[in-house]
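Next come the chains, spelled out residue by residue.
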Amino acid sequence: MQMLTKFESKSNRVKGIAFHPKLPLLAASLHNGSIQLWNYQTGTIYDRLEEHDGPVRGICFHPTQPLLASGGDDYKIKVWNHKTRKCLFTLNGHLDYVRTVYFHHEHPWILSASDDQTIRIWNWQSRTCIAILTGHNHYIMCAQFHPREDLIVSASMDQTVRVWDISGLRKKNTSAQPMSIEEQIARANSGQADLFGNTDAMVKYVLEGHDRGVNWASFHPTLPLIVSAGDDRQIKLWRMSDTKAWEVDTCRGHFNNVSCALFHPRHELIISDAEDKTIRVWDMGKRTAVQTFRRESDRFWVLTAHPTLNLFAAGHDNGLIVFKLERERPAFAMHQNVLYYVRDKQVRSLDYSTGVDQAMLSVKRLGNQYVQPRTLSFNPAERSVIVTSVNGDNGVFDLAPLPRDGTGDLAESSSVGKRGQGSSAIFVARNRFAVLDKAAQTIEIRDLTNTVTKNITPPQPTNEIFFGGTASLILSTATGVILYDIQQQRTLAEITSPPVKYVVWSVDGSMVALLSKHTITLANKNLTSSNLIHETIRIKSAAWDESGVLLYSTLNHIKYALPQGDSGIIKTLEQPVYLTRVRGKMVSCLDRSAKPQSISIDPTEYRFKLALVKGQYDEVLSIIKNSNLVGQAIIAFLQKKGYPEIALHFVQDKSTRFDLAIECGNLEVALETAEAINAEEVWERLGSAALRQGNHKIVERAYQRTKNFDKLSFLYLITGNMEKLAKMAVIADRRGDHMSRFHNALYLGDAAARANVLKDVGLPSLAYATAKSSGLLDQAASIADDASMTEALKEMDLGGAFDLPSEGSSRLQPPASVTPAYQYNWPIVGGQESFFDKALMADSDGGPIFKDNAVNGSKAHDMDSWLDGDALDDDNDEEGSEDDAVSAGDFGEAEEAWDLAEEEAVAEEEEDAVVAPLEESPIDGLAPGSSEAEHWLRNSPVAADHAAAGSFETAMTLLTRQAGIVNFKPLKPFFTASFLSAHAYLPAAPSAGPIPLHLRRNNEESEGELARVLPASPRNIKEITATELQEGYKAVSANKLQEAEAIFRNMLHRLILTPASSEVEASEIQDLIFLCREYILGVSIELARRDLVAAEPGNVARNLELAALFTHAQMQPQHQSLALRIAMMEARKANNLAMASSFAKRLLSLSPAPKVAQSAQQIISLADRNPRDAVEVPGYDPLERNFVICAGSHVLIPGGGMGSVQDPLTGARYLPEFKGTLCKISQISEVGRVCSGLRSSA
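Just so we're clear, the structure is a prediction, and the values are computed from it rather than from any experiment. (Residues numbered from 1 in each chain as written. Predicted model: local features only at pLDDT ≥ 70, side-chain atom pairs only at ≥ 80, totals over all residues. Heavy atoms only, no water.)

Focus: the pairing of strand β44 (residues 490-496)
Strand direction decides the pairing type here: strand β43 (residues 480-485) and β44, joined by 6 bridges, are antiparallel. Bridging from a neighbouring strand, V481 pairs with I495 of β44. With antiparallel pairing between neighbouring strands as the criterion, β43 and β44 make up a hairpin whose turn holds 4 residues, including Q489 at a positive phi of roughly 50°. (Pairing = 2+ DSSP bridges. Helix = DSSP H or I, 4+ residues; strand = E, 2+ residues; numbered from the N terminus.)

Printed below as a string of structure tokens:
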């Protein structure tokens, strides 16, 4: 038996102490007049109550109410509410120190003992004294209620212990029946009886036997026994009957005054403390001391036991201590589905699959009778166990076999097994086990006959040993753990950690949890990597989930820990449990009495986090859709881990959803939520966020909703949208806002409008000057006629101040728009959608992304119609969804766009460098240096770089050699853009021309070496992927096929003159070219089919052939599913069930929506019953292995394209008769031309 300290505090002398019956609270009354409330689980102070004058000696919690009673040397009893931490009232009446106070377990009574030689009973509801017990003739040190009967026991310095009968008081103060008149009169006159002797409380027994004053007396919780302690250094045991009480025996051993003594609530033990600085444990049967715990310099004054838990607390000169006398963790071991555990000193087995729980072996003779076994190790090969019992530093173990069936008499381990000495003993192999001798610091390896086969000296002082894998041990030291190889006798690995108490292995043995008092170390099986988890309260046990998550229990929670170190709470516990197994949503455990329990849990949160950490985004999305995982904690976790886009799936509050959407840059969700909220400050934030991302379409929308006319006009100016800017001028005119009229006229370069504004605001002189200097002579004359000109103005006019601008000067007007920037949002580097953004869009089905964002009865906001008249509507409650908002049909998965099968790369041929010749030096020996453009030509064989250098001829030559391009007219704007993006011009002095600047794209990488410099480019692969590719996807999804064909062909042309910064980007450009080819081919086939249906509706075979070929264009899965659905429906209409079934099966492999899948299943069922085709389609064979389609005639080329010719740019295949013609896909390259292949990287 040993004292297990759970909590210790330092303070002034503690004179009284009390446990709360349910909460983890401990009250301590101090000699300095303070009352401390401690949380003994966390070791923190809850509060201090300081209203007593002088020492506080008595303290007690009410069993059910939030009340606390205290009594002190100020003669007062105070009743507190420990939740509000306020004193409710004070009971006055005692004439001397109050020694103890106790609440009755049922009645509203407080019992107090005082040095005024009286015991008083108070009603705390009426706040009056209802009884005074007199009889002692010295200080009364203690008085307590009996836990069940109407008795009181008191101890006094008059050397006696008295037992009082208060049954009369109970009858007097509690009556369940209506009273008669006589009984009511008797109760009313009962106060007079106190003058002549009160019969409510009478002395039942007077126990004499102590030689000096008695300090304490208490009842046994269940037996008719009393224990008392006195200044004669003795502890006496008394027995009661209905008629008498007598002394049973005396326990001697203390060598100073005994302060307190009480019965152990569960065992036949007496616990006492004394001023000799010891706490002693006594055997009630033998009346002998079992154990003694000493302190060096602190005298003990008080002792108490928790009413329900195995906890004791003692107060001493310098604080208090909370302790246990035995470990409550049951010894257990798991093997497969069977739990082996020890209860009541019996080894039991619980089969979780069948629920059979039976005793297998008795260990009653193992170790001390008051000490439960410490550990249990199971050997499945030999079906035997090692049970270890530890008392202090000494330990003993039994190695015994378990019966096969568990029937028959229960065998004793000492008779059927082998016994040995050791503080730790575990199996390490089928026929070997290890024993730690802690005192000698040796590890003995023994066989099953308990014979020592090997002795090992641990590399460091070891406290415990644990299983570390086959032929390995984990050694727990004072500073960490060591993984030790038994055979080689060497250290394999070491981890620094607090002292480890328990080790738990995962189901597959790949992970291990090292449990300390307040920490858990998660490590792999080799201890090469680890994560530390810290808890403020004690960790009790742990078990691994089958998915690799550790569940562990503390004093009041079941928690989880991910292998990376993240943790969280799963369930709150009323009492600690010891986890044994985790399966799905059930946790199996043992309670403190070693009884098996099952606790249901919700594993959703930790499975969600585990999937997120592992990058299993499909499972994350499944959990989001199928579970109710909400709360601020999960949102905070996602924000902390950098996943605000996932948090969008959980948020119900629209304001929080808008904040998250802005944070993660999801403008589509932000726009939709702003529509639902429709608050001005929300639109302002959305406009700012969209402006940072360059999404000027959403910026325009936000400015329109807030009616921010000035910003809207400037936005149209910088994006070059002159048409809408003109509409803004009309709006300003109708609004009567002269400043806005002038700004819009200035932005438009409309001098006449500026002059009219100046005239309207009463500035005719400025209006005249504006019109005259702008050449508007008729308007100037009209202004001069309407307003009389001043003399000064006439002089200026005559002096030529308003003449037309001279040569070399320019009028006041904005620069001309070079490109229609308003048609596209500004490019963003890395603007690809994440997995969860795509999933969010895919669930919207073309409507609102979030269903609660939908606004009923609203019309769509049309930005063009707004400018035509709605802008002047003062109603700001206009709601709707933007036309340009991304819908589910977008399918903008740019990353997946490159997951196509690449064509075999054509070996590059060596070719002569195409470089513009250098000009000859006009003077011998004075050759000028090479220009920047000449270096660009020399450094790169890429046509885009030659175009940027201004050498269009060499660029065209390269494109012809590399990609067979012969029609350069469609590429002209891209040639021009390449040149302009690589050059800038800095204005110089008025008489000098501008200074040309050459812009480089690799200035930092080249480190200024002219042999490596390359020109800047107006476009890059990320910009094209984020803008044009997404627009193309949208057009296909929206069934705008002509527009989609134009977008993909324009993107193909743009890619030809897009340089790559690395070989990876060059490969991506080739992938995009092939993707454009497939989309253009597929869209052109579908357009041809629609034209055929309109022109020749009776040509069903060709219609089905084209529909079938459309399904073999290598498009995105979402778009391919659209093609399959079209082909399936066309074949069904023609009653070609076998053909429709082949399309339906391919469609199901793409995991379509449930409704689509249902219709596909129906067609398959029809085809199974009637697998025939009504219309023969000779041009299509569904069994063809390689589908090669002629891009010119839209027919299947048999034999996997045998004999076909190829387009050198896109790789499109053609029948031989198309050789030498212009490619139908690119419209710029020659079919069948032999080329080296397009170069995109220098």
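On we go from here.
Some thoughts on helix α10 (residues 667-677)
Of all 11 residues in α10, 9 are buried, a share of seventy percent or more. What α10 keeps buried is the set L667, V669, A670, L671, E672, T673, A674, E675 and A676. Phi for N678, located one or two positions after α10, is positive at around 55°. (Buried < 20%, exposed > 50% of the residue type's maximum accessible area, 1.4 Å probe, protein only.)

Details of the pattern of salt bridges
A complete count under the given rule lists 41 salt bridges for this structure. A salt bridge links D150 to R170; the nearest nitrogen and oxygen atoms lie 2.5 Å apart. A residue pair is termed long-range when its members are at least 10 positions apart, and D150 in the loop between β14 (140-145) and β15 (151-156) and R170 in helix α1 (residues 167-173) qualify at 20 residues. Across the pair E700 and K724 runs a salt bridge whose closest N-O atoms are separated by 2.8 Å. Of this pair, E700 sits in helix α12 (residues 696-705) while K724 sits in helix α14 (residues 722-735), and the two are 24 residues apart along the sequence. Neither E700 nor K724 differs from the other in exposure class; each is buried. Among the charged side chains, a network of salt bridges with common partners joins E1086, R1089, R1090, E1130 and K1133. (Salt bridge = Lys/Arg side-chain N within 4 Å of Asp/Glu carboxyl O.)

Examining the layout of surface pockets
Empty space within the largest pocket amounts to approximately 1500 Å³. Put simply, the parts of the chain that give the lining of the largest pocket at least two residues each are β29 (332-335), β33 (375-379), β37 (424-429), β41 (462-467), β45 (502-505), β49 (539-544) and β53 (578-583). Take the lining of the largest pocket: its biggest share by element is 6 residues, from β37. Partitioned by chemical class, the residues of the lining of the largest pocket number 27 nonpolar, 12 polar and 7 charged. (1 Å grid on protein atoms, 1.4 Å probe; cavity = no way out; pocket = protein on both sides within 12 Å on 5 of 7 lines; lining within 4 Å. Points joined across faces, edges and corners; volume = space filled by probe spheres on them. Nonpolar A, V, L, I, M, F, W, Y, C, P; charged D, E, K, R; others polar.)

A few points about the confidence of the model for the protein chain
When pLDDT is averaged along the protein chain, the result is 82, and 84% of the positions lie at 70 or above. pLDDT under 50 marks residues 191-197. Its contacts with residues more than four places away, or in other chains, come to 1 contact. Here residues 855-860 is a poorly scored stretch, pLDDT under 50, and it has 12 contacts once near neighbours within four places are set aside; other chains count. (pLDDT = per-residue confidence, 0-100. Contact = heavy atoms within 4.5 Å.)

Regarding the sheet that holds strand β32 (residues 357-362)
What the 4 strands build is an open sheet, ordered β29-β30-β31-β32; its pairing is antiparallel. Across the chains shown, the open sheet's two edge strands, defined by having one partner strand only, are β29 and β32. Each adjacent strand pair in this sheet contributes to an overall mean axis angle of 25°, direction not counted. By the bridge criterion, 4 bridges tie β29 to strand β30 (residues 338-343) in an arrangement that is antiparallel. In the strand pairing of β30, M334 is matched with L339. (Axes fitted to C-alpha atoms, helices over the stretch in contact; angles between N-to-C directions.)

Concerning the environment of A732
Residue placement: A732 occurs in helix α14. Spatially, the C-alpha atoms of A732 and D710 are 9.6 Å apart, while their sequence positions differ by 22 residues. Other than its neighbours up to four places away in sequence, A732 contacts D737, S740, R741 and N744.

Topic: the packing of aromatic side chains
Inspection of the entire model under this criterion finds 16 aromatic pairs. With a centroid separation of 5.3 Å and an interplanar angle of 80°, the aromatic rings of F952 and F975 are classed as edge-to-face. Residue F952 is located in helix α24 (residues 952-963), and its partner F975 is located in helix α25 (residues 972-981); the two are separated by 23 residues in the primary sequence. Among the residues examined, F952 registers a relative accessible area of 32% and is labelled partly exposed. Taken together, a centroid distance of 5.7 Å and an interplanar angle of 50° make the contact between Y1033 and Y1079 tilted. Linking Y1033 in helix α28 (residues 1028-1037) with Y1079 in helix α30 (residues 1063-1095), this pair joins segments that are 46 residues apart in sequence. For Y1033, a relative accessible area of 0% gives the class buried. What links up through ring pairs into an aromatic cluster is the set F397, F427 and F433. The lysine or arginine in question, R581, covers the ring of Y352, its NZ or CZ lying 4.4 Å from the ring centre. (Phe/Tyr/Trp six-rings, centres within 6.5 Å; stacked < 30°, edge-to-face > 60°. Lys NZ or Arg CZ within 6 Å of the ring centre and 35° of its normal.)

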